[in-house]
Amino acid sequence: MSVIRVILTVIYILLGVAISIVILMQEGKSNGLGSAIGGMADSYWSKNKGRSMEGALEHFTRYGAIIFMLITLILNVLLERMG
């Protein structure tokens, strides 16, 4: 049981650092091509955002945060059973 806890703790720390880095790499809402070029580029980029690097960063943030919360709950349950 303690081996699982150690492995989950290491994953938890690494995931927390990775999520922090990915959040800092993302553009702000006012920075993108939409504010510089205009509405036509905005509609193009908003339709294809999932295929861009920015879309990939958002997906990683979303799913990474979900996994982070699940590991938090699992570690909490494991610590309650041990202590």
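Quick notes on the rules
Residues numbered from 1 in each chain as written. Predicted model: local features only at pLDDT ≥ 70, side-chain atom pairs only at ≥ 80, totals over all residues. Heavy atoms only, no water. UniProt positions renumbered as here; feature names shortened; annotations may be inferred. Helix = DSSP H or I, 4+ residues; strand = E, 2+ residues; numbered from the N terminus. Phe/Tyr/Trp six-rings, centres within 6.5 Å; stacked < 30°, edge-to-face > 60°. Buried < 20%, exposed > 50% of the residue type's maximum accessible area, 1.4 Å probe, protein only. Axes fitted to C-alpha atoms, helices over the stretch in contact; angles between N-to-C directions. Parallel < 35°, antiparallel > 145°, perpendicular 65-115°, else oblique. Left-handed = near helix turned anticlockwise from the far one by under 90°. Nonpolar A, V, L, I, M, F, W, Y, C, P; charged D, E, K, R; others polar. Expected span 1.5 Å × (residues − 1). Patch = residues over 30% accessible without salt bridge, like charges linked within 9 Å, V, L, I, M, F, W, Y side chains within 5 Å. Areas by Shrake-Rupley, 256 points an atom, 1.4 Å probe, with all protein chains shown as cover. Salt bridge = Lys/Arg side-chain N within 4 Å of Asp/Glu carboxyl O.

The name recorded for the protein chain in an unreviewed UniProt entry is Protein-export membrane protein SecG, from Candidatus Enterocloster excrementipullorum. Taken from UniProt, the Function (unreviewed entry) comment for the protein chain reads in full: "Involved in protein export. Participates in an early event of protein translocation." The Sequence similarities (unreviewed entry) comment attached to the protein chain in UniProt states, word for word, "Belongs to the SecG family."

(A) Up close: the UniProt feature "transmembrane region" (unreviewed entry) in the protein chain. Cross-referencing UniProt, the feature "transmembrane region" (unreviewed entry) maps to residues 7–25 and 60–79 in the present numbering. Here residues 7–25 is 100% helix and 0% strand, with 27 Å between the C-alpha atoms at its ends. End-to-end, the C-alpha atoms of residues 60–79 are 28 Å apart, and along that stretch the chain is 100% helix and 0% strand.

(B) Geometry of the packing of aromatic side chains. In this structure the tally under the stated criterion is one aromatic pair. Ring geometry for Y12 and F68: centres 4.4 Å apart, planes at 10°, overall stacked. Remark: F68 occurs in helix α4 (residues 53–82) and Y12 occurs in helix α1 (residues 2–25); sequence separation between them is 56 residues. Looking at Y12, the relative accessible area reads 24%, which means it is partly exposed.

(C) View of the packing of α1 against α4. Taken N-terminus to C-terminus, the directions of α1 and α4 make an angle of 150°; their axes are 9 Å apart at the nearest point. Taken together, the axes of α1 and α4 are roughly antiparallel relative to one another. Note on packing geometry: the crossing formed by α1 with α4 is left-handed. The residue makeup of the contact of α1 with α4, split by class, is 21 nonpolar, six polar and one charged.

(D) Broad picture of α4. For α4, with 30 residues, the first-to-last C-alpha span of 42 Å sits near the 44 Å given by 1.5 Å per residue. Here α4 has its buried residues at E54, G55, L57, T61, G64, I71, L75 and L78.

(E) Fine view of a nonpolar patch on the surface. Together, Y63, I66, M69, L70, L73 and I74 make up an exposed nonpolar region whose accessible area comes to about 610 Å². By the secondary structure assignment, L73 is in helix α4. A residue is classified by how much of its surface remains accessible, and L73, at 54% relative accessible area, is exposed.

(F) Region of interest: the environment of N76. By the element assignment, N76 lies in helix α4. Taking relative accessible area as the criterion, N76 reaches 41% and is therefore assigned partly exposed. With 71 residues separating them in the primary sequence, N76 and R5 have C-alpha atoms 9.9 Å apart.

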